[in-house]
Amino acid sequence: MTLPLRPVSAVGALAGELRRRVLSGEIAPGTPLPEQEIAAAYGVARPTVREALAALVHEGLLRRERNRSAYVPEVTLDDLDDLMYVRRPLEDLMAQAMAGRRVPEADAALARMDGLPAEAPWADTVAEHMALHEALITAVGSPRLHRLYGALAAETRLGLVRLREVYEDREVLVREHRELLDAIADGPVEAARAAVAAHLGHTWGG
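What counts, and where the lines are drawn
- Residues numbered from 1 in each chain as written.
- Predicted model: local features only at pLDDT ≥ 70, side-chain atom pairs only at ≥ 80, totals over all residues.
- Heavy atoms only, no water.
- Domains from an automatic or database assignment.
- Contact = heavy atoms within 4.5 Å.
- Buried area = accessible area lost by both parts, 1.4 Å probe.
- Helix = DSSP H or I, 4+ residues; strand = E, 2+ residues; numbered from the N terminus.
- Expected span 1.5 Å × (residues − 1).
- Buried < 20%, exposed > 50% of the residue type's maximum accessible area, 1.4 Å probe, protein only.
- Arc of directions from axis to C-beta.
- Polar contact = N/O pair within 3.5 Å; in protein donor to acceptor, adjacent residues only side chain to side chain.

The protein carries the name GntR family transcriptional regulator in an unreviewed UniProt entry, which gives Nonomuraea rhodomycinica as its organism.

Novice: Before we move on, could you go through the domain arrangement of the protein and cite the residues and values that matter?
Specialist: Entries for the protein in the domain assignment read domain 1 (10–72) and domain 2 (77–200). Between domain 1 and domain 2, the C-alpha centre-to-centre distance is 27 Å. Listed per partner, the contact involves 10 residues of domain 1 and nine residues of domain 2. Roughly 780 Å² is buried in total at the junction of domain 1 and domain 2, and carbon and sulfur atoms are behind 64% of that figure. On the domain 1 side of the interface with domain 2, the three residues burying the most area are Leu 23, Ser 24 and Leu 61, jointly 58% of the side's total.

Novice: Now, about helix H9 (residues 170–186): what can you tell me, with residues and values included?
Specialist: Spacing of three or four residues puts side chains on the same side of an α-helix, whose turn is 3.6 residues. Here H9 contains 17 residues, and its C-alpha end-to-end distance of 24 Å stays within 8% of the 24 Å for a straight helix at 1.5 Å per residue. Considered for burial, the residues of H9 that qualify are Arg 170, Leu 173, Val 174, His 177, Leu 180, Leu 181, Ile 184 and Ala 185. With its buried residues spanning 125° around the axis, H9 presents them on a single face. Elements that come into contact with the buried residues of H9 comprise helix H4 (77–98), helix H5 (104–114), helix H6 (122–140) and helix H10 (189–199). Capping the start of H9 is the job of one residue whose side-chain oxygen sits 3.0 Å from the backbone nitrogen of Glu 171: Asp 169.

Below, the structure is given as structure tokens:
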């Protein structure tokens, strides 16, 4: 049975393309995104651009201030250190809850990451990386943990853009996440917690 394709609106298509460019690092932090220039570049009306930018502002991938074009916010190394300071206890709670359990959704995200073609944009790796970690958090079954973790999603995704500098070979990233999922599934609790702590101790690059 073939499922009907859902039409993609011009707003959705433009937002998707801009999201890909932001998360692939093509649009550098601080770069202004004037509506008129984007409209001309993509051959769409300015209201379409305005809605697409608003969607990305809502996601936290862009910032918009009064009398200024939308832009990609700068996420500094200090910001990322603070982000990890908050993420670590949340993921430690996940490790305690999920030790000894396999999470099929996380395994599926890892398989998709591993199956990406060599020429795939970094944004695709970011998406599967986020899907894997979010699947682990969701599997805990705590709405509050899920909500707290979700509040960090935009900064985490922007931070992952930096990992291109650290993981030029995506196979290394895949291997590290396979080892993480195996350690959580194998348990015991303290081993799972140690694996998560080690995993989150990576460098963000300079």
